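Summary of structural features
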Amino acid sequence: MIALRALTTDDAPAVHRIYSGAAVNFLGRSEMTAEEAVEYVARVGEWAAADPVVQYILGVDHGGDLIGVVKLGRRPNAHGRVSYVLREDTWRRGHATAAVRQLVAFAFTTAGLTSLGAKHHPDNPVSGRVLTKSGFTRLGLRDGMVEYRRVRRCR
């Protein structure tokens, strides 16, 4: 079972492990060092304490094991941007889709957003499948990335 949760300072080693190996291939960054992970978790705590929160960063917990990170950035006009990264050894088990679906629900309820965007590198079609299974619609290529959008459904 996947649960999204706040990151704590104790999560720095797990964050370091998440942002390593093949998991960073399409992120546009190199592997995170242990020191960077400590700094990152501290910044995440500051962002979570901000009022209003502009960037939500939550851990993806699987049975007490932090296996990934999901992000929701606020943009103007009640729009948000979704991104995610999971530890390489947890891929292809449905965890990313479960986490993104929970983040979408959070975005449209708690965060009060009405639309979401996301993107992935064209050489990473698995990420696109995660987005489409989470209700996003593929828009096409933009600036070398595959763009997606999801709008809150009215009931």
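Our structure's up above, just so we're on the same page.
Described in the following lines is the structure provided in the data block. Source: prediction; values computed, not measured. (Residues numbered from 1 in each chain as written. Predicted model: local features only at pLDDT ≥ 70, side-chain atom pairs only at ≥ 80, totals over all residues. Heavy atoms only, no water.)

Considering helix α3 (residues 95–108)
- Along its 14 residues, α3 runs 20 Å from first to last C-alpha, staying within 8% of the 20 Å computed at 1.5 Å per residue.
- Extensive coverage of α3 is indicated by the burial of 10 of its 14 residues.
- Of the residues making up α3, those classed as buried are H95, A96, T97, A99, V100, L103, V104, F106, A107 and F108. (Helix = DSSP H or I, 4+ residues; strand = E, 2+ residues; numbered from the N terminus. Expected span 1.5 Å × (residues − 1). Buried < 20%, exposed > 50% of the residue type's maximum accessible area, 1.4 Å probe, protein only.)

So, the sheet that holds strand β6 (residues 137–142)
- In spatial order, the strands read β1-β2-β3-β4-β5-β7-β6; together these seven strands make up an open sheet with mixed pairing. The open sheet has two edge strands with one neighbour each: β1 (2–6) and β6. Ignoring which end each strand starts from, the neighbouring axes of this sheet average 30° apart.
- With five bridges joining them, β6 and strand β7 (residues 145–151) adopt antiparallel strand pairing. When the sheet's bridge partners are listed, R138 is paired in β7 with Y148. (Pairing = 2+ DSSP bridges. Axes fitted to C-alpha atoms, helices over the stretch in contact; angles between N-to-C directions.)

Re the pattern of salt bridges
- Within this structure, the stated rule accounts for seven salt bridges.
- Here D65 makes a salt bridge to R87, at a shortest N to O gap of 3.0 Å. One end of the pair, D65, is in strand β3 (residues 65–75); the other, R87, is in the loop between β4 (79–86) and α3, and 22 residues separate them in sequence.
- Overlapping salt bridges bring together R17, D65, R87 and D89 as one network. (Salt bridge = Lys/Arg side-chain N within 4 Å of Asp/Glu carboxyl O.)

Comments concerning the nonpolar core
- Counting 28 residues, the largest nonpolar core has L72, V82, Y84, L116 and F136 as the members making the most contacts within it.
- Elements represented by at least two residues in this core include exactly β2 (55–62), β3, β4, α3, β5 (115–120), α4 (125–133) and β7.
- The dominant element in this core, judged by the number of residues it contributes, is α3, at eight residues.
- Not counting residues within four places of it along the chain, the set of residues in contact with L72 comprises V54, Q55, Y56, G80, R81, V82, L103, F106, A107, A111, L113 and L116. (Core = buried A, V, L, I, M, F, W, Y, C linked by side-chain atoms within 4.5 Å. Contact = heavy atoms within 4.5 Å.)

Describing the environment of V41
- With respect to the helices and strands, the residue V41 is situated in helix α2 (residues 34–49).
- Along the chain, V41 and A6 lie 35 residues apart, while their C-alpha atoms are 9.9 Å from each other.
- Those residues in contact with V41 that lie beyond four places of it in its chain are T8, T9, D11, A12 and V15.

Let's talk about the pairing of β7
- Burial of β7 is extensive: five of the seven residues sit out of reach of the surface.
- In this structure, β5 lies alongside β7, joined through six bridges in antiparallel fashion. Across the sheet, residue S115 finds its bridge partner in β7, namely V151.
- Hairpin connection from β6 to β7: two residues lie between these consecutive antiparallel strands, with D143 at a positive phi of about 55°.

Quick word on the side chain of T90
- You can see T90 is positioned in the loop between β4 and α3.
- For T90, a relative accessible area of 5% translates into the label buried.
- Reaching out from T90, the side chain makes a polar contact with the backbone oxygen of R87 at a distance of 2.7 Å.
- In contact with T90, not counting residues within four places along its chain, are I67 and H95. (Polar contact = N/O pair within 3.5 Å; in protein donor to acceptor, adjacent residues only side chain to side chain.)

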